[in-house]
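# Coordinate analysis (summary)
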Amino acid sequence: MFEDLFVVDFTRVVAGPYCTRMLADLGAQVIKIDAVPEKLGEFKDSISLEDAARLRSAGGISNNLGKRSLSIDLKDPDSADVINRLLERADIVVENFKPGVMESLGIGPNTCLAVNPRLIYAGLSGFGQDSSRRAFGATAHAESGWLWVQQQSASTDEVFAPGVTVADLVTGSNAFSGILAALYAREKTGFGQIVDVSLMDSQFQMLNSVMEPILNGGSKDEFKPFRHPLYKSRDGKMISINIGNERNWDRIAQAIGESNTQMPTSPKASDDLIRTWVANLSSEDLAARMDAFGAPYGITLTAHEAASHVHFQDRQMIADVADPITKSTRAVNSPLFFSAMQSEATEPAPLIGQHTKSILKEIGVPGEEIEELISAHVIFQLPLIEQE
């Protein structure tokens, strides 16, 4: 779908690479900009497998699938021509530096748009492009109120950190959506624009239903945390069952063999009844019964059990992708399914500088100049990897 889109990816950590991985899954040509490695003297005409394994592109394997790496020293003045050539070719730039860093490198958003007025420039940050404050996802978790919301739901004495950096993931998804909207706008206007997405705003917006009563006068004492109940089955599995409404209650009651039991008017009474019913059934028996009557439920699994879930196998949500170090790797695939196009991980995650020469040739940098830039350590091309 996006095979004709050229993306220059300056991102690292989580939110940015997560966003550009989604573009790569849709076929975009994503060029990952990586720093030139230190101790270049160690790398001659070839590199050991062990040394190569230390040159993974910033952002991790899963979030870099389908990208190519260009290793370049952005602080070196001699890198300017290469960067300008990339910008002239690019449809999209994505970066998640602290606001002001790109300007200090001479490639801030306004400069980039001056070079290429059709460019979509997506800046991901902690507090927005008008703030100089540094942040990670954990910052947004704390200051958006989400850790407090978790604490209220779990009734714990203290707030606690989540097991995954949700703020980064929702920010990456929002940036992806913003880029798509800007691309659509470009089709109408012919011009690109700046997309400004922050961790704080994204995490806060994710709490919109929680904030609704608070923003309309609800006090702290009136706050009622929302939490789906969990019930323990006879074999000790925790089962998620959301009663929802009377129609769904009827499905649950029929599945459990209590079709004559009407839904109590009290939520606590409804909860207590289901708790008693579930306690008398094994998780396997309960699942079969609920499936037979179309009643929604969820059996709590470990992450290791979930990785083998038949649903993910049937939906091909586990991708087997080649890898320059381990030969192959498995990763979570794209969750987007279309009737007339593909979104999937098909290409490896790059090592730092693995594609530097080929990318520069594509954008018209002469071969002699490429060699000079390599000799001056302005750019780095990964040497041939020695196979064991």
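Coordinates for the structure precede this section.
Now for a description of the structure that goes with this document.

Rules used throughout
- Residues numbered from 1 in each chain as written.
- Predicted model: local features only at pLDDT ≥ 70, side-chain atom pairs only at ≥ 80, totals over all residues.
- Heavy atoms only, no water.
- Helix = DSSP H or I, 4+ residues; strand = E, 2+ residues; numbered from the N terminus.
- Buried < 20%, exposed > 50% of the residue type's maximum accessible area, 1.4 Å probe, protein only.
- Contact = heavy atoms within 4.5 Å.
- Lys, Arg positive; Asp, Glu negative; His and termini not counted.
- Charge placed at Lys NZ, Arg CZ, Asp CG, Glu CD.
- Pairing = 2+ DSSP bridges.
- Axes fitted to C-alpha atoms, helices over the stretch in contact; angles between N-to-C directions.
- Parallel < 35°, antiparallel > 145°, perpendicular 65-115°, else oblique.
- Nonpolar A, V, L, I, M, F, W, Y, C, P; charged D, E, K, R; others polar.
- Left-handed = near helix turned anticlockwise from the far one by under 90°.
- Phe/Tyr/Trp six-rings, centres within 6.5 Å; stacked < 30°, edge-to-face > 60°.
- Lys NZ or Arg CZ within 6 Å of the ring centre and 35° of its normal.

Turning our attention to the overall build of the protein chain. Secondary structure summary: the protein chain contains 17 helices and 14 strands in total. When the 388 residues of the protein chain are sorted by exposure, 43% land in the buried category. The contacts of the protein chain with a sequence gap of at least 6 include a subset with a gap of at least 24, amounting to 73%. Averaging the locations of the 34 positively and 51 negatively charged side chains of the protein chain gives two centres separated by 3 Å.

If you trace the seven strands from one edge of the open sheet to the other, you get β7-β6-β5-β1-β2-β4-β13, paired in mixed fashion. Every interior strand has two partners, whereas the edge strands, β7 (193–198) and β13 (379–380), have only one. The sheet contact formed by strand β1 (residues 6–9) and strand β2 (residues 29–34) spans four bridges and is parallel. Looking at the pairing, Phe6 lines up with Gln29 of β2. Here helix α8 (residues 166–189) sits on the sheet in contact with β5 (92–95), β6 (120–125) and β7, set at roughly 165 degrees to β7.

We now examine the side chain of Gln150. Note on placement: Gln150 falls in helix α7 (residues 146–154). Not counting residues within four places of it along the chain, the set of residues in contact with Gln150 comprises Phe160, Ala161 and Pro162.

Between α8 and helix α9 (residues 199–206), whose axes approach to 8 Å, the crossing angle comes to 95 degrees. Between α8 and α9, the interaxial angle falls into the category roughly perpendicular. Where α8 approaches α9, its residues Val166, Ala167, Asp168, Val170, Thr171 and Asn174 are matched on the opposing element by Leu199, Ser202, Gln203 and Met206. Classifying every residue of the contact of α8 with α9 gives five nonpolar, four polar and one charged.

Contact geometry for helix α11 (residues 246–256) and helix α13 (residues 283–292): axes closest at 8 Å, N-to-C directions at 130 degrees. Viewed along their axes, α11 and α13 adopt a mutual orientation that is oblique. Here α11 and α13 pass one another in a crossing that is right-handed. Where α11 approaches α13, its residues Ile252, Ala255 and Ile256 are matched on the opposing element by Leu286, Arg289 and Met290. Across the contact of α11 with α13, the residue classes tally to five nonpolar, no polar and one charged.

Summed over the entire model, instances satisfying the criterion amount to two aromatic pairs. Here the aromatic rings of Trp148 and Phe223 are separated by 4.8 Å at their centres, their planes lie at 50 degrees, and the arrangement is tilted. One end of the pair, Trp148, is in helix α7; the other, Phe223, is in the loop between α10 (208–215) and β8 (230–232), and 75 residues separate them in sequence. Taking the centre distance of 5.5 Å and the plane angle of 45 degrees together, the rings of Trp249 and Trp277 count as tilted. Taken as a pair, Trp249 in helix α11 and Trp277 in helix α12 (residues 267–279) lie far apart in primary sequence, 28 residues in all. For Trp249, a relative accessible area of 0% translates into the label buried. The exposure class of Trp277 is buried, given its relative accessible area of 8%. The aromatic ring of Phe337 is capped on one face by Arg315, whose charged end is 4.0 Å from the ring centroid.

Quick look at the sheet that holds strand β9 (residues 238–240) now. The sheet built from three strands is open, its strands ordered β8-β9-β10 with antiparallel pairing. Two strands bound the open sheet, and with one partner strand each, they are β8 and β10 (298–299). Where β9 meets β10, two bridges bridge the pair, whose relative direction is antiparallel. Of the residues in β10, the one forming a bridge with Ser240 is Gly298.

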